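If you want the building blocks of each chain, they are given just below.
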Amino acid sequence: MSDRLNICVLTGDPRLPDPTKRDHRYNEEDFATHRAMREAFESLRGFRFEFLDDHAALLERFAHDPPDLVVNFCDTGLRNVATQELHVPALLEMLGVPYTGASPACMAICYDKQIVRLVAAALGVPVPREICLGPDQPLPEDPGLYPALIKPNQGDGSVGITKDAVVGSRAEADRYLAWLRRELPARAILVQEYLPGPEYGVGLIGNPDRRLEALPPLEVDFTRLPAGLAPILSYESKVLPDSPYWTEIKFKRAEADAAMLARMVDHAGRLFARLGCRDYGRFDFRCAADGTPRLLEVNPNPAWANDGKLAFMAGFAGIAYPKMLEMILEAALARIGPGRSVPL
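Residues numbered from 1 in each chain as written. Predicted model: local features only at pLDDT ≥ 70, side-chain atom pairs only at ≥ 80, totals over all residues. Heavy atoms only, no water.

## Let's talk about the packing of helix α1 (residues 28–42) against helix α11 (residues 321–336)
Quick note on the threshold: With axes taken as lines fitted to C-alpha atoms, and helix axes fitted only over the stretch in contact, angles between N-to-C directions fall between 0 and 180 degrees. A run of DSSP states H or I qualifies as a helix once it reaches four residues; a run of E qualifies as a strand once it reaches two. Both are numbered from the N-terminal end. Just so you know how the angles are binned, under 35 degrees is roughly parallel, over 145 roughly antiparallel, 65 to 115 roughly perpendicular, and the rest oblique. Contact between two residues is taken to exist if any of their heavy atoms lie within 4.5 Å; hydrogens are not considered. All residues other than Ala, Val, Leu, Ile, Met, Phe, Trp, Tyr, Cys, Pro, Asp, Glu, Lys and Arg, Gly among them, are scored as polar; the first ten of these are nonpolar and the last four charged.
Where α1 contacts α11, the two axes come as close as 9 Å, and the packing angle between them is 70°. Viewed along their axes, α1 and α11 adopt a mutual orientation that is roughly perpendicular. Along the contact surface, α1 presents Ala36, Met37, Ala40 and Phe41, while α11 presents Tyr321, Pro322, Leu325 and Leu329. Tallied by class, the residues present in the contact of α1 with α11 amount to eight nonpolar, no polar and no charged.

## A word on the nonpolar core
Put simply, the rule is: What we call a nonpolar core is a set of buried Ala, Val, Leu, Ile, Met, Phe, Trp, Tyr and Cys residues that are connected through their side-chain atoms within 4.5 Å. For the exposure calls, accessible area comes from a 1.4 Å probe over protein chains only, and a residue counts as buried if that area is under 20% of its type's maximum, exposed if over 50%, partly exposed in between.
Counting 59 residues, the largest nonpolar core has Phe41 and Phe73 as its most contacted members. It is α11 that provides the largest number of residues to this core, a total of nine residues. Once you skip the residues sitting within four places of it in the chain, phenylalanine 41 turns out to touch Val9, Phe49, Phe51, Val71, Phe73, Leu325 and Leu329. Ranked by size, the runner-up nonpolar core spans 26 residues in total, among them Leu261, Met264, Cys287 and Leu295.

## Focus: helix α5 (residues 113–122)
Under the convention used in this document: By construction, the arc corresponds to the directions joining the helix axis to the C-beta atoms. Distance and chemistry together define a polar contact, namely a pair of N or O atoms within 3.5 Å, with one atom able to donate a hydrogen and the other to accept it when in protein, and with adjacent residues in sequence counting only for side-chain atoms on both sides.
Taken as a whole, α5 has its buried residues at Lys113, Val116 and Ala120. For α5, the buried positions fall inside an angular range of 60° around the axis, keeping them on one side. Set apart from the buried face of α5 by more than 90 degrees, the exposed residues are Leu118 and Ala122. Buried positions along α5 lie against α4 (104–111), β5 (148–152), β7 (189–193), α9 (258–275) and β13 (293–299). The residue sitting at the N-terminus of α5 and contributing the capping side-chain oxygen is aspartate 112; that oxygen lies 3.2 Å from the backbone nitrogen of glutamine 114.

## Notes on the packing of aromatic side chains
Worth spelling out the cut-off: Centre distance within 6.5 Å is the pairing criterion for rings of Phe, Tyr and Trp, where only the six-membered ring of Trp is used; planes under 30 degrees apart are then read as stacked, over 60 as edge-to-face, and the remainder as tilted. The criterion is that NZ of a Lys, or CZ of an Arg, lies within 6 Å of the ring centre and within 35 degrees of the ring normal, and then a charge sits over that ring.
Under the criterion given, the structure shown has 11 aromatic pairs. Where phenylalanine 272 meets phenylalanine 283, the ring centres are 6.4 Å apart and the plane angle is 45°; that geometry is what we call tilted. On the criterion of sequence distance, the pair formed by phenylalanine 272 in helix α9 and phenylalanine 283 in strand β12 (residues 279–287) is long-range, its members being 11 residues apart. An identical accessibility class is assigned to phenylalanine 272 and phenylalanine 283; each is buried. Grouped by ring-pair contacts, the aromatic residues Phe41, Phe47, Phe49, Phe51, Phe73, Tyr280 and Trp304 constitute a single cluster. One residue, lysine 21, lies across the ring of tyrosine 26, its end atom 4.5 Å from the ring centre.

## A look at the pairing of strand β3 (residues 69–72)
Moving residue by residue along a regular strand, the side chains alternate between the two faces of the sheet. Rules: The pairing criterion for strands is at least two bridges between them, as found by DSSP.
Of the two faces of β3, the one holding Leu69 and Val71 and the one holding Val70 and Asn72 are both buried throughout. Taken together, the four bridges between strand β1 (residues 5–10) and β3 define a ladder with parallel strand orientation. When the bridges of β3 are listed, isoleucine 7 appears paired with leucine 69.

## Points about unusual backbone geometry
In this chain, tyrosine 146 is followed by proline 147 through a cis amide linkage whose omega measures -5°. Among the structural elements, proline 147 can be located in the loop between β4 (130–133) and β5. Phi is positive for aspartate 23, close to 60°, though the residue is something other than glycine. Here aspartate 23 is to be found in the loop between β1 and α1.

## Description of the pattern of salt bridges
Just so we agree on the cut-off: For salt bridges, the criterion is a side-chain nitrogen of Lys or Arg within 4 Å of an Asp or Glu carboxyl oxygen.
For the structure shown, the criterion picks out 22 salt bridges. Ionic pairing is found between arginine 15 and aspartate 53, a salt bridge with its closest N-O pair at 2.9 Å. With arginine 15 in the loop between β1 and α1 and aspartate 53 in the loop between β2 (47–52) and α2 (58–64), this pair connects stretches of sequence that are 38 residues apart. Here aspartate 53 falls in the partly exposed class, since its relative accessible area comes to 23%. For aspartate 284, the salt bridge identified is with lysine 309, shortest N-O distance 3.7 Å. With aspartate 284 in strand β12 and lysine 309 in helix α10 (residues 309–316), the pair connects residues that are 25 residues apart, well separated along the chain. The same class applies to aspartate 284 and to lysine 309, which are both buried. Salt bridges sharing partners connect three or more residues here, namely Asp13, Arg15 and Asp53.

Below, the structure is given as structure tokens:
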């Protein structure tokens, strides 16, 4: 490109509490990932980068001097409120500022895990058996799902999914439900069949009407976890550096047979298009006892960190972290077009 584009990279606000982080605040590991991201972006040619994390300044900043493109890496939500993640692209659309990633509508749909499950099932994508309980709805006497995984229907960063989220009996389920309803009141809760097989991630970069590239799928390696700990990516794996969930869980290139990996990539591609994902996304699957990979979650605004799943998958393909970020930029710019206005 002959003219350098002005790019504003928008992230969460370290001045404000964040329930997805240790002690509900930004810690050194969080600042380290931000530094690595900044350095990676600044190594790219053809762009001028600005980095913005002050959410109180968003409206004034974008209304008076909009950049050519906003990289929406605000995966924590406006003011670090997860339910307001869609407000960030909504604000940018109101101001006519183009941005990377999912639209408000896509984020709203994908934030509701049961809605995503229903869409996936309609597309023929295998999903776990589950029931959705309203905020005050009691657990059925025999849900027929034990062992089960209990988690919030709406939530990010594994909030509400602890080491005790896998339950094997009605008594365990009642205890976890009571705790979860104290922690996250007025929230619908999923009681889902526990899938005992391997867990995978599928990363996509691009857009369906141009080029949508699948990165080599990732497998979560739980083999180092001490006996007795449920092999899940719990809240402890995201926020507690002294937990074995943090220290012993690793990511590796998926070792499943090629046909199964291809099916997951196909499922991810169809979901990407149907749910309206844009530029990049991550799709998590886990195998049932019969070996069938079933959809766990769709992440239309996935973690962008250099030590996150998407970066690992790019690395499996020989794509360095700065190049992965550049691919996201180029996907958004190609989608938006030379006019660089927000598409309808």
